[in-house]
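# Notes for the structure review
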Amino acid sequence: MIIFLLTIVSIYGAVHVYAFLKVRAAFHLEPAAAAALALFMAFMTFAPLLVRVLERHEFELPARLAACIGYTWMGTIFLFFSLSLTVDLYRLFIDLAGHILGRDLSAFAPAARFAFLVPLCLALVLSIYGYREAIHIRTEHITVETDKLPEGTPRIRVVQLSDVHLGIIVREKRLKCILEAVKKADPDIIVSTGDLVDGQIDNLAGPARMFEQVRPRYGKYSVTGNHEFYAGLNNSLEFMTRAGFTVLRAEAVTIDGLVTIAGVDDPTGKQMGLHKTVPEREMLSKLPQQQFTILLKHPPTIAEGSEGLFDLQLSGHTHRGQIFPFGLLVKCFFPRISGWYELPAGGHLYVSRGTGTWGPPMRLLSPPEITVIDLTASS
């Protein structure tokens, strides 16, 4: 965990150094102004850590203020970095072309101030758009026809939530919109595929009550994501239980003799020594294969030997990158980044884009979703 944090802080710090150099090149800052800007950049680099410290010591209002400013800044500077880097690559191309052709092509390269201001303005516009995109939840509909339901069985509607990240930014107001979309779908079953909570969760009694009031016919089921372990496993399990979820940790339940829902812990638990030790393949192999089996698993990875032992795996975790073009990097680690996938050995995988937001309260080209899965009997 320490190595992971150091890596993240180092990368985030490097982005701030890059932005500092771009400002200094654009405006030729005096030493005093450059020093003030460097201090500001250093503070914003460590703002996310400050948020967690303030939360841990129960300074809720300062923590929420620091989170809104710090995480919004995070999203904006990431967009600026991506856009500015694109301009720099263009300038490099012009320089190389001029060198190869033996001609002065500097007239085609933007000046330093222009190369700073254009990405900055675009980043601000995209941040505003990204904030608006993050609060408009889409409902994705999937119909799965199966011969594992008796003919004539009424359709069973499952609603998937994933990566809600309830905490210091995603609060009651956002959750109310999410639950209104869920109620409108009229589900028989609600599932959460991890990261229902974010970090510190000491003050989520309100969201727990809001969830508890939603009572689908066949119940609510959830699994742990990495953030359930970051937040403290016992606190996370207590919250999910109060919210009315049955937490599945390397275990399964059969609903009305028709559908089996199984769930496994996020791999983060294994790294922290809090993982349920039953192998996924062993758990699935004991389930009744004549019934439709849904596997809830936070990361969109397929365990070796488990293909063919479930009919549908529901996952999340990737957020589809949340803010473009970050998804290009995420796809290097999780090739099945979002949407519907047919698995070679049988069964299917659906990866949600996520319902909430982590960190920056914005999304770009990755709108939040709730997923409605209708299971119907083959005619």
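Below is a summary of the structure that appears in this document.

Let us look at the sheet that holds strand 6 (residues 251–255). Sheet strands pair via backbone hydrogen bonds, and the direction of the pair is either parallel or antiparallel. Spatial strand order, 6-7-8-9-11-10: six strands in an open sheet with mixed pairing. Here the strands that pair on one side only, and so sit at the sheet edges, are strand 6 and strand 10 (339–342). Strand-to-strand twist of the sheet, defined as the mean angle between neighbouring strand axes without regard to direction, takes the value 20°. Bridge analysis of strand 10 against strand 11 (residues 348–351) gives four bridges, and the strand direction is antiparallel. By the bridge assignment, tyrosine 341 is partnered in strand 11 with leucine 349.

Here the focus is the nonpolar core. Counting 29 residues, the largest nonpolar core has Leu161, Leu166, Phe211 and Phe239 as its most contacted members. Elements that contribute at least two residues to this core include exactly strand 2 (156–161), helix 6 (172–185), helix 7 (205–212), helix 9 (233–242), strand 5 (245–247) and strand 12 (369–377). The element that contributes the greatest number of residues to this core is helix 6, accounting for six residues. Among the nonpolar cores identified, the runner-up in size contains 25 residues, and Val51, Tyr71, Leu79 and Leu364 belong to it.

Remark: helix 1 (residues 2–27) packs on helix 2 (residues 31–45), axes separated minimally by 9 Å, with the N-to-C direction vectors making an angle of 155°. With respect to their mutual orientation, helix 1 and helix 2 come out roughly antiparallel. Like other packed secondary-structure pairs, helix 1 and helix 2 cross with a definite hand, here right-handed. Across the interface between the two elements, Val9, Tyr12, Gly13, His16, Ala19, Phe20 and Val23 from helix 1 touch Ala34, Leu37, Ala38, Met41, Met44 and Thr45 from helix 2. Here the contact of helix 1 with helix 2 is composed, by residue class, of ten nonpolar, three polar and no charged.

The next thing to look at is the sheet that holds strand 1 (residues 138–146). One open sheet accounts for six strands, arranged 1-12-2-3-4-5; its pairing is mixed. Each end of this open sheet is capped by a strand with a single partner; those strands are strand 1 and strand 5. Within the sheet, the average angular offset between the axes of one strand and its neighbour, ignoring direction, is 25°. By the bridge criterion, nine bridges tie strand 1 to strand 12 in an arrangement that is parallel. Across the sheet, residue isoleucine 142 finds its bridge partner in strand 12, namely isoleucine 373. Helix 6 rests against strand 2, strand 3 (189–192) and strand 12 of the sheet, and its axis sits at about 170° to strand 2.

Moving on to empty space enclosed by the protein. Evaluated as defined, the whole model comprises one cavity of 30 Å³ or more. Space inside the largest cavity adds up to approximately 70 Å³. The class makeup of the residues in the lining of the largest cavity is six nonpolar, four polar and one charged.

Analysis parameters
- Residues numbered from 1 in each chain as written.
- Predicted model: local features only at pLDDT ≥ 70, side-chain atom pairs only at ≥ 80, totals over all residues.
- Heavy atoms only, no water.
- Pairing = 2+ DSSP bridges.
- Helix = DSSP H or I, 4+ residues; strand = E, 2+ residues; numbered from the N terminus.
- Axes fitted to C-alpha atoms, helices over the stretch in contact; angles between N-to-C directions.
- Core = buried A, V, L, I, M, F, W, Y, C linked by side-chain atoms within 4.5 Å.
- Buried < 20%, exposed > 50% of the residue type's maximum accessible area, 1.4 Å probe, protein only.
- Parallel < 35°, antiparallel > 145°, perpendicular 65-115°, else oblique.
- Left-handed = near helix turned anticlockwise from the far one by under 90°.
- Contact = heavy atoms within 4.5 Å.
- Nonpolar A, V, L, I, M, F, W, Y, C, P; charged D, E, K, R; others polar.
- 1 Å grid on protein atoms, 1.4 Å probe; cavity = no way out; pocket = protein on both sides within 12 Å on 5 of 7 lines; lining within 4 Å.
- Points joined across faces, edges and corners; volume = space filled by probe spheres on them.

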